[in-house]
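This is what each chain is made of:
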Amino acid sequence: MNVKFQGKPITLEGHHIEVGEPAPGFNVVDGQLQTISSSELKGKRVYVSVPSLDTGVCDREVRRFNEEATKLNDVKVYTISMDLPFAQARWCGAAGIENVVTLSDYKDRSFGQNSGTYIKELGLLTRAVFVIDENDKVIYVEYCEEVTEEPHYEEILKVLS
C-alpha cells in the first residue's frame, strides 16, 4: 500500500482491511476513559481513522461526517484517533460535534494494528474510512493515498444510502 504524508512515503503497520472481510476486532477508549470493545459496536457503522482532531484536515473531515450523520438512517459514525480522550472531548465541545462518537486508540493501539492504519514513523493513525454493514462485514475501504487529504465523501455516502 502506497500512502504518503506530505508527499513522503510512510509505513502502515498491521493488517490492511479489504472489502468482504469481517470487521476488525479492537479495543479503544471513550471519553470517560472506559475501554470499548468493537464487539459492543453493532449495526451499520463507519469507522473514520484520523491522525489528530487538532489539525485542519481532520477538523474539516469530522465536521463533514457530523453533518452527514444527521442524514443517515441507522448508521453510527465513529472517529478514531490517537488523541487522548480529554483532547477529543475538548475538541468536540468546541466544534459542536454531537453526531459522531470519538474514540481513542492511544492505550492499546489495537485499532491501528487490526486495521492497518498505524503509521510507524509518526505513532499516529493514517486517514482511512471503513464502512461495516449490520452483519459485521466490511463493505467499503478507503486508505487515503495522501494523509493530508480528505477522503472521497461521495463514494462513502453512496455506499451508505
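As a reminder, the structure under discussion sits directly above these lines.
Notes on the structure follow. Nothing here was measured: the structure is a model prediction, and the numbers come from that model. (Residues numbered from 1 in each chain as written. Predicted model: local features only at pLDDT ≥ 70, side-chain atom pairs only at ≥ 80, totals over all residues. Heavy atoms only, no water.)

With that settled, the discussion passes to the environment of serine 81. Mapped onto the elements, serine 81 comes out in strand β7 (residues 75-81). Residue class for serine 81 comes out buried when judged on its relative accessible area of 0%. Along the primary structure serine 81 and aspartate 136 are separated by 55 residues, whereas in three dimensions their C-alpha atoms are 21 Å apart. For serine 81, the residues in contact, after removing those within four places along its chain, are Val50, Pro51, Gln88, Leu103, Ser104, Asp105, Tyr106 and Leu125. Reaching out from serine 81, the side chain makes a polar contact with the side chain of aspartate 83 at a distance of 2.9 Å. (Helix = DSSP H or I, 4+ residues; strand = E, 2+ residues; numbered from the N terminus. Buried < 20%, exposed > 50% of the residue type's maximum accessible area, 1.4 Å probe, protein only. Contact = heavy atoms within 4.5 Å. Polar contact = N/O pair within 3.5 Å; in protein donor to acceptor, adjacent residues only side chain to side chain.)

We now examine helix α2 (residues 85-95). For an α-helix, the turn length of 3.6 residues means that residues three or four places apart are oriented alike. Every buried residue of α2 is listed here: Pro85, Gln88, Trp91, Cys92 and Ala95. Down the axis, α2 shows its buried residues gathered within 125° of arc, on one side only. The exposed residues of α2 that point more than 90 degrees off its buried face are Phe86, Gly93 and Ala94. Structurally, α2 contributes buried residues whose contacts are with β4 (27-29), α1 (56-69), β7 and β8 (100-104). (Arc of directions from axis to C-beta.)

Attention now moves to the packing of aromatic side chains. If you walk through the whole model with that rule in mind, you get seven aromatic pairs. With 5.2 Å between their ring centres and 80° between their planes, phenylalanine 26 and tyrosine 47 make a pair best called edge-to-face. With phenylalanine 26 in the loop between β3 (12-13) and β4 and tyrosine 47 in strand β6 (residues 44-49), the pair connects residues that are 21 residues apart, well separated along the chain. Taking relative accessible area as the criterion, phenylalanine 26 reaches 4% and is therefore assigned buried. Ring centres of phenylalanine 26 and phenylalanine 111 lie 5.0 Å apart, and the angle between their planes is 90°; on these two criteria the pair is classed as edge-to-face. Pair noted here: phenylalanine 26 is in the loop between β3 and β4 and phenylalanine 111 is in helix α3 (residues 110-115), with a separation of 85 residues, a long-range link. Side by side, phenylalanine 26 and phenylalanine 111 carry an identical accessibility label, which is buried. In this structure an aromatic cluster arises from ring pairing among Phe26, Tyr47, Tyr78, Phe111, Phe130 and Tyr143. (Phe/Tyr/Trp six-rings, centres within 6.5 Å; stacked < 30°, edge-to-face > 60°.)

All right, on to the side chain of serine 37 then. For serine 37, the position within the fold is in strand β5 (residues 35-37). Residue serine 37 is classed as buried on the basis of its relative accessible area, which comes to 18%. Within polar-contact distance, the side chain of serine 37 engages the side chain of serine 39 at 2.9 Å.

Residues other than glycine seldom take positive phi values, yet leucine 33 does so here, at roughly 65°. Note on placement: leucine 33 falls in the loop between β4 and β5. Leucine 33 gets classed as partly exposed once you look at its relative accessible area, which sits at 42%. For aspartate 74, which is not glycine, the phi torsion reads 55° and is therefore positive. Mapping aspartate 74 onto the fold places it in the loop between α1 and β7. Judged by relative accessible area, aspartate 74 falls into the exposed class, the value being 72%.

By themselves these figures say nothing about function.
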